[in-house]
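Structural characterization, general
What follows is each chain in one-letter form.
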Amino acid sequence: MVELSVNLGNLHLKNPVMTASGTFGYGEEYADFIDINALGGIVVKGTTLHPRQGNLYPRMAETAMGMLNAVGLQNKGVDGFINDIYPRIKHFGTSILVNVSGSTIEEYVETAARINELDNIPGIELNISCPNVKEGGMAFGTSCPSAIAVTTAVREVYKKHLMVKLSPNVTSVTEIAKGVEGAGADSLSLINTLLGMAIDVKSRRPVLSTVTGGLSGPCVKPVALRMVWQVAGAVNIPIVGMGGISSAEDAIEFLLAGASAIQIGTANFVDPTVTIKVINGIHEYLHSNGIASVKDLTGAMIID
Amino acid sequence: MKQIRDFTIVNNRCETHDFVVLTLNCEDELPQMQPGQFVEVKVDDTPSAYLRRPLSIHDVDYSKREIKLLVQEVGAGTRSICAMPVGSKINLVFPLGKGYDLPDSKDVLLVGGGCGVAPLLFLGRFLSQNGIRPRFLIGARTASSLVRLDAYRELGEVLVTTEDGSEGQKGFRHPSSCNAHRITRFCLDLYLWSGCYDACIG
């Protein structure tokens, strides 16, 4: 029997496979396809203090082995989440984290404080890396002082697990990771999407209404893996790796690079059952390699 | 309930130079589907087509466990789907979307242009099984782009418009757009205003 459960500090996951924010709705949307309770965790859609309409269409574009999105944090606001959605999902037998975003530090703090009151939400993922909003979002995650400031302020009001989601659109991801660790983060998740764009050559216009958007899918995996490996060497808090994971083998690569858990995002669109396949594949890998616990894979890459 | 299933392609018939009708068979019993709902098809071995392709449910035969898709080749993804040979596996997520608000009235006109005609066959079959004989108004750019007229005629009268007048009534031409979609909208407005029908779906 192999052990799949992991602990990210004070956050217990029954297995290391979570779903990435913005790709899995609130979990309910996938309940026809998989047993939601079998997942290690769900990170629900990015939530802000006030409702947001998101960006104008088109806000998705397909690319080679991936896609661009510029949804722009469309959501019902934190009160909409608490009143309409939370009652429907709070009984899921998996760890539900809320992805929290904002335009100002005050908005992040107020949103986090309200979610702190929800008994069945054991943690938040602080989104300081969304590339698709004009103000806030990635602006906080691409400068070390502002990443530290927002993490420090949220840490004061948020008493449960504080995961901070890092942007890859920076010169040194390790500097920001260390700053956020020092500001009180319990764990780090990375990577958010890479800033990209596409042009329609027939019309000579940008494909996305916002011109630029966030690139995700298998095409970003090598970049994500490299960043997870670099950050794992720089901090002492657990890391949740993501970026193009579509198979158990992909997930195991991230664990070997130093992640304690992983998130699956864009691949859910192509195969709504992919999370279960990855959980089963990790189990099979551990069993066939005689490894007792998935924890033993974290950072176990061999460099001769 | 939404499902993810492998189907086997049992027929792949070219309708015109860019339209194909795929007949897909499922080993398991099909779930109930609503006219107007769609499937999402996984495109294999085509890196530029990473995401699934949404396609209307063109027709359903529950007893044979078959779904038909009317596919227009417009890019790399649909080209790959249209080229799938009989006997190959194709993966579907379905049924998706809400489907049409179904009329309970007698005189119903179903309007579609171009590949927009795809869901009207399943809708027409559903209506005819419920005692309603629909009439179809089908538009296309030109006569050679009219597809599946015989299948629609089995269910009801078919009126045809083409943009160039090469078959049926010459369709609406607007200086800014001559596409089939605009024709559909024009015809829809025309028939709604005329007051001849109880319901008009397009």
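Right, let's walk through the structure included here. (Residues numbered from 1 in each chain as written. Chains lettered and ligands numbered in written order. Predicted model: local features only at pLDDT ≥ 70, side-chain atom pairs only at ≥ 80, totals over all residues. Heavy atoms only, no water.)

The secondary structure content of chain A amounts to nine helices and 16 strands. Taken against the 2.2 N^0.38 rule, which gives 19 Å for 304 residues, the C-alpha radius of gyration of chain A at 18 Å falls within 12% of a compact globule. Overall, the C-alpha framework of chain A stretches about 55 × 50 × 40 Å when taken along its three principal axes. When the 304 residues of chain A are sorted by exposure, 58% land in the buried category. Within chain A, residue pairs in contact and separated by at least 24 positions form 72% of the contacts whose partners lie at least 6 positions apart. Per element, the accessible surface of chain A, about 12100 Å² overall, is 55% carbon and sulfur. For chain A, the separation between the mean place of its 21 positive charges and that of its 27 negative charges on side chains is 7 Å. (Helix = DSSP H or I, 4+ residues; strand = E, 2+ residues; numbered from the N terminus. Rg over C-alpha atoms; globule rule 2.2 N^0.38 Å. Buried < 20%, exposed > 50% of the residue type's maximum accessible area, 1.4 Å probe, protein only. Contact = heavy atoms within 4.5 Å. Areas by Shrake-Rupley, 256 points an atom, 1.4 Å probe, with all protein chains shown as cover. Lys, Arg positive; Asp, Glu negative; His and termini not counted. Charge placed at Lys NZ, Arg CZ, Asp CG, Glu CD.)

Residues and elements named next belong to chain A. The terminal C-alpha atoms of helix 4 (residues 144-157), which comprises 14 residues, lie 21 Å apart, in line with the 20 Å expected from a rise of 1.5 Å per residue. Among the residues of helix 4, those classed as buried are Ser146, Ala147, Val150, Thr151, Ala153, Val154 and Arg155. In this fold, the buried residues of helix 4 make contact with helix 2 (105-116), strand 8 (123-127), helix 3 (138-141), strand 9 (161-165) and helix 5 (173-182). (Expected span 1.5 Å × (residues − 1).)

So, on to the nonpolar core. In terms of nonpolar packing, the biggest core is built from 94 residues, with Phe81(A), Ile124(A), Val154(A), Leu188(A) and Ile282(A) touching the most fellow members. Ignoring any residue separated from it by four or fewer positions in sequence, one finds Ile282(A) in contact with Leu4(A), Pro16(A), Val17(A), Ala248(A), Ala251(A), Ile252(A) and Val294(A). Ile9(B), Cys26(B), Ile57(B) and Met84(B) belong to the second largest nonpolar core, which has 25 residues in total. (Core = buried A, V, L, I, M, F, W, Y, C linked by side-chain atoms within 4.5 Å.)

Take the pairing of strand 10 (residues 187-190) of chain A next. Residue and element names in this part refer to chain A. Burial along strand 10 is two-sided: Ser187 and Ser189 and Leu188 and Leu190, pointing in opposite directions, are all buried. Relative to strand 10, strand 9 is paired through three bridges, and the arrangement is parallel. Considered in strand 10, the bridge of valine 164 is made with leucine 188. A crossover links strand 9 with its parallel partner strand 10, the connecting element being helix 5, and its sense is right-handed. Relative to strand 15 (residues 239-241), strand 10 runs parallel, the two sharing three bridges. Following the sheet pairing, serine 189 is matched in strand 15 by valine 240. (Pairing = 2+ DSSP bridges. Right-handed = clockwise from strand over helix to strand, strands pointing away.)

Moving on: the pattern of salt bridges. All names here are of chain A. Enumeration according to the criterion identifies 16 salt bridges over all chains in this entry. A salt bridge links arginine 114 to glutamate 110; its shortest N-O distance comes to 2.8 Å. Of this pair, arginine 114 and glutamate 110 are both found in helix 2, four residues apart, which corresponds to roughly one turn of the helix. For arginine 114, a relative accessible area of 27% corresponds to the partly exposed category. Since its relative accessible area comes to 32%, glutamate 110 is described here as partly exposed. In this structure, aspartate 271 engages lysine 277 in a salt bridge whose closest nitrogen and oxygen atoms are separated by 2.5 Å. Three or more residues joined by partner-sharing salt bridges are found here, namely Asp79, Glu110 and Arg114. (Salt bridge = Lys/Arg side-chain N within 4 Å of Asp/Glu carboxyl O.)

We now examine the packing of aromatic side chains. Scanning the entire structure with this criterion turns up six aromatic pairs over all chains. Note on Phe7(B) and Phe94(B): the rings are 5.4 Å apart at their centroids and 70° apart in plane angle, and the pair reads as edge-to-face. Of this pair, Phe7(B) sits in strand 1 (residues 3-14) while Phe94(B) sits in strand 7 (residues 89-96), placing them 87 residues apart in sequence. Exposure class is identical for Phe7(B) and Phe94(B). Each is buried. The structure contains a cluster of three or more aromatic residues connected by ring pairs, namely Tyr26(A), Phe81(A) and Tyr86(A). When the ring centre of Tyr57(A) is taken as reference, the NZ or CZ atom of Arg59(A) above it lies at 4.4 Å. (Phe/Tyr/Trp six-rings, centres within 6.5 Å; stacked < 30°, edge-to-face > 60°. Lys NZ or Arg CZ within 6 Å of the ring centre and 35° of its normal.)

Purely spatial values, then, with no claim about function.
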